[in-house]
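Here is what each chain is made of, one letter per residue.
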Amino acid sequence: MSEKIYIFDTTLRDGEQSPGASMNMQEKFRLAQQLVLLNVDIIEAGFPIASVGDFECVKNIADNIKGVQVAGLARCSIKDIDRAWEALKNGENSRIHTFLATSDIHMQHKLRMSREQVLELAVASVKHAAKYTSNVEFSAEDATRSDIEFVCQVFEAVIEAGAATVNFPDTTGYALPSEHGEQIRYLIDNIPNIDKAILSVHCHNDLGLAVANSLAAINSGARQVECTINGLGERAGNTAMEEVVMAVRTRSDQMNIHTDIVTEHIYPSSRLVSTIAGMPVQPNKAIVGANAFAHEAGIHQDGVLKERTTYEIMNPSDIGLTKGNLVLGKHSGRHALKDRIEVIGYSLSDEELARVFSRFKDLADLRKEIFDEDIEAIIMDEIIRIPEVYELVSLGVMSGSMKMPTAAVRLKIDGVQKEGAAIGVGPIDATYRAIAELTGTSSKLLFFSVSSFTGGTDALGDVLLRIEDNGRVVIGHGLDPDIITAAGKAYLNGLNRHVYLQKEADKK
Ligand code: KIV
Ligand code: ZN
């Protein structure tokens, strides 16, 4: 039997540290549910002492998500660890993940502590955490740039103090695969009690090597990989979970190991993270990019038609890709939709299903054929719904090469109808000016993109944008067969998100 690699997902913690990728409580909870479907071993739900919001998100997930370990991050400090445990204590199997830097650069310039002090604090912190739970992880921040003898000393001491997992992060994404593999081997060969703990790695992607480094570490004996979906994370991101998992699975001939990830949930999970975090996946991204299974060259297409494995090393269905399936139409009922939603990898509450069904029916009135991608687009749009202070009632636009683009907008603002009109450089500019006038917003548009989930001129237009207001950056999504309407909805979704987050902040 092959050995198991534990998948520690940190999309909700390190992933969320990606600029502009912040998620609210409902979104984090929804993502945690998806991680359970994926069957990850550990969900790192957040950093409880960082903010009241973070604390509540970790608590909500620990209290309600079952069948998976839930971790909370804490610096090596009594206050941090107590706060983390406060958030985690009702969980089925909670982990305190505490960390302290061990590199000379960090110890001298950031911590201003000596090696002796770091060692002492690491041990004291792990002992404190171990009073709450035996599930304690210790991370030596910036480990790959640390003196490895010192890391060995620290790991030996924290294992003795009660750490069940020791993590060796490549915090700055500095390591090379051969070097990282040797480092892991060195730890295994030189820490006398290493067999009492799981050795973990946590790689960042600054040199584009996070996945390669994680695989090298696995080959040398690491048994936990910390990673995020789509490789989301600080700077260039973290190890992409889908890439490690599919590499391990596809090349099992080379590695006698396995993960317990249900790979058919990879693609839906990737879409969900991309939607919630407002981070589109690059088309040529391995495993989950739009082109990852697209064959452009004639010779390749011919080969795949004759025998799929000529040019495909993985089966798209193994990651849950069901592209291009014609599924439902005007006469399909709620049960058929529910079944199809499950097949494409989502699980919705009854209330969400009712909303998705109603939107599905509206679309089926306009179009004969509804594809998986249409259903998925509607699910995404419904999942990221937030309370609407600003609601679009109607939008009329005049534009074209002969006309000055003009938009007439009717909104419901806190239940009261208001109308306005504006001209602009283009129809979207005109629409946004009219909305800005009606809502009184002074927000700035930072990013705007339009895409479609399916091909064809009758596809649903999907607008993703990012706006900034008073220093807070939020995403907005809009979905509609009419792209100007989709753009208007996305703008309003962003503005509603601002209002929602402001209300949440005011409560604290
Ligand atoms: O990159 C890093 O070092 C971390 C630690 C907190 C594990 O994220
Ligand atoms: Zn990290």
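Numbering of residues starts from 1 in each chain and follows the order in which that chain's sequence is written. Chain A is the first chain written and ligand 1 is the first ligand written, with later ones labelled in order. Per-residue local features of the predicted model are confined to residues with pLDDT of at least 70, and side-chain atom pairs are confined, for both listing and counting, to 80 or more; whole-chain, interface and lining totals are unaffected and use all residues. Side-chain measures here rest on the full set of heavy atoms in the structure, leaving out hydrogens and waters.

Topic: the site of ligand 1
Phase 1: All residues adjacent to ligand 1 are Arg 13, Asp 14, His 97, Phe 99, Ser 139, Glu 141, Asn 167, Pro 169, Thr 171, His 202 and His 204.
Phase 2: Interatomic distance of 2.7 Å between a side-chain N/O atom of Thr 171 and an oxygen atom of ligand 1.
Phase 3: In this description a helix means any DSSP run of H or I spanning at least four residues, a strand means any run of E spanning at least two, and both kinds are numbered starting from the N terminus. Of all the secondary structure elements, the ones that give two or more residues to the shell around ligand 1 are strand 5 (94-101), strand 6 (136-141) and strand 7 (165-170).
Phase 4: When residue character is reported, Ala, Val, Leu, Ile, Met, Phe, Trp, Tyr, Cys and Pro are called nonpolar, Asp, Glu, Lys and Arg charged, and the others, Gly included, polar. Broken down by class, the residue content of the shell around ligand 1 amounts to two nonpolar, six polar and three charged. Near is defined per residue: the residue qualifies when any heavy atom it owns lies within 4 Å of the molecule or strand. Think of a polar contact as two N or O atoms within 3.5 Å of one another; within protein, one of them needs to be a possible hydrogen donor and the other a possible acceptor, and neighboring residues in sequence only count if both atoms come from side chains.

Notes on the domain arrangement of the protein chain
Phase 1: Segmenting the protein chain into domains produces domain 1 (3-277), domain 2 (322-383) and domain 3 (390-507).
Phase 2: Listed per partner, the contact involves eleven residues of domain 2 and nine residues of domain 3.
Phase 3: Roughly 810 Å² is buried in total at the junction of domain 2 and domain 3, and carbon and sulfur atoms are behind 68% of that figure.
Phase 4: Summed over both partners, the accessible area lost on bringing two parts together, with a 1.4 Å probe, is the buried area. The largest share of the area that domain 2 buries against domain 3 comes from Arg 367, Ala 377 and Asp 381, three residues that together contribute 46% of it.
Phase 5: Salt bridges are counted wherever a side-chain nitrogen of Lys or Arg sits within 4 Å of a carboxyl oxygen of Asp or Glu. Our count for the contact surface shared by domain 2 and domain 3 stands at zero salt bridges.
Phase 6: The interface formed by domain 2 and domain 3 contains zero residue pairs in polar contact (both at pLDDT 80 or more).
Phase 7: Mapped by element, the contributors of at least two residues to the side of domain 2 that touches domain 3 are helix 13 (350-366) and helix 14 (372-383).
Phase 8: When residues in the side of domain 2 that touches domain 3 are grouped by element, the largest group, six residues, is from helix 14.
Phase 9: Looking at the side of domain 2 that touches domain 3, its residues break down into five nonpolar, no polar and six charged. What counts as a domain boundary in this text is fixed by an automatic or database domain assignment. Residues count as neighbours in contact if any of their non-hydrogen atoms are within 4.5 Å of one another.

Side note on helix 12 (residues 334-343)
Phase 1: Among all positions of helix 12, only Leu 337, Arg 340 and Ile 341 are buried. Burial along helix 12 is one-sided: seen end-on, the buried residues are contained in an arc of 105°. For helix 12, the exposed residues set more than 90 degrees away from the buried face come down to His 335 and Val 343.
Phase 2: With its phi angle positive at about 100°, Gly 345 sits one or two positions after the end of helix 12. Buried residues are those whose accessible area, probed at 1.4 Å on protein chains only, stays under 20% of the maximum for their type, while exposed residues exceed 50% and partly exposed ones sit between those limits. In this description, one arc is meant: the one made by directions from the helix axis to the C-beta atoms.

Some remarks on the coordination of the zinc ion (ligand 2)
Phase 1: The donor set covers N, O and S atoms within 2.8 Å of the metal, switching to 3.2 Å for Na, K and Ca, and it leaves out water, so a site may look short of donors. Protein coordination at the zinc ion (ligand 2) comes from Asp 14 (OD), His 202 (NE2) and His 204 (NE2), with a distance range of 2.0 to 2.1 Å.
Phase 2: For the zinc ion (ligand 2), all donor residues lie on one chain, and their spacing in sequence is D-x187-H-x1-H.
Phase 3: Here His 204 falls in the buried class, since its relative accessible area comes to 4%.

Observations regarding the pattern of salt bridges
Phase 1: Taken as a whole and assessed by the stated rule, the structure comprises 38 salt bridges.
Phase 2: We note a salt bridge from Asp 142 to Arg 145, for which the minimum N-O separation is 3.0 Å.
Phase 3: Here Arg 145 falls in the partly exposed class, since its relative accessible area comes to 31%.
Phase 4: Across the salt bridge formed by Glu 234 and Arg 235, the nearest N and O atoms sit 4.0 Å from each other.
Phase 5: Taken together, the shared-partner salt bridges in this structure form one network comprising Glu 351, Arg 355, Arg 359, Asp 381 and Glu 382.

Considering the packing of aromatic side chains
Here the distance between the centres and the angle between the planes together describe a pair of aromatic rings.
Phase 1: For Phe, Tyr and Trp, where Trp contributes only its six-membered ring, two rings pair if their centres lie within 6.5 Å, and the inter-plane angle classes them as stacked under 30 degrees, edge-to-face over 60, or tilted in between. The final tally for this structure, using the stated rule, is six aromatic pairs.
Phase 2: Judged by centre distance (6.3 Å) and plane angle (70°), the ring pair of Tyr 432 and Phe 448 falls under edge-to-face. Of this pair, Tyr 432 sits in helix 15 (residues 427-439) while Phe 448 sits in strand 16 (residues 444-452); the two residues are 16 residues apart in sequence, bridging distant segments of the chain.
Phase 3: Among the residues examined, Phe 448 registers a relative accessible area of 29% and is labelled partly exposed.
Phase 4: Taken together, Tyr 432, Phe 448 and Tyr 491 form an aromatic cluster joined through their ring pairs.
Phase 5: A ring has a charge above it when a Lys NZ or an Arg CZ is no more than 6 Å from the ring centre and no more than 35 degrees off the ring normal. The ring of Phe 55 carries the charged tip of Arg 83 above its face, separated from the ring centre by 3.7 Å.
Phase 6: The side chain of Arg 466 reaches across the aromatic face of Phe 447, ending 5.3 Å from its centre.

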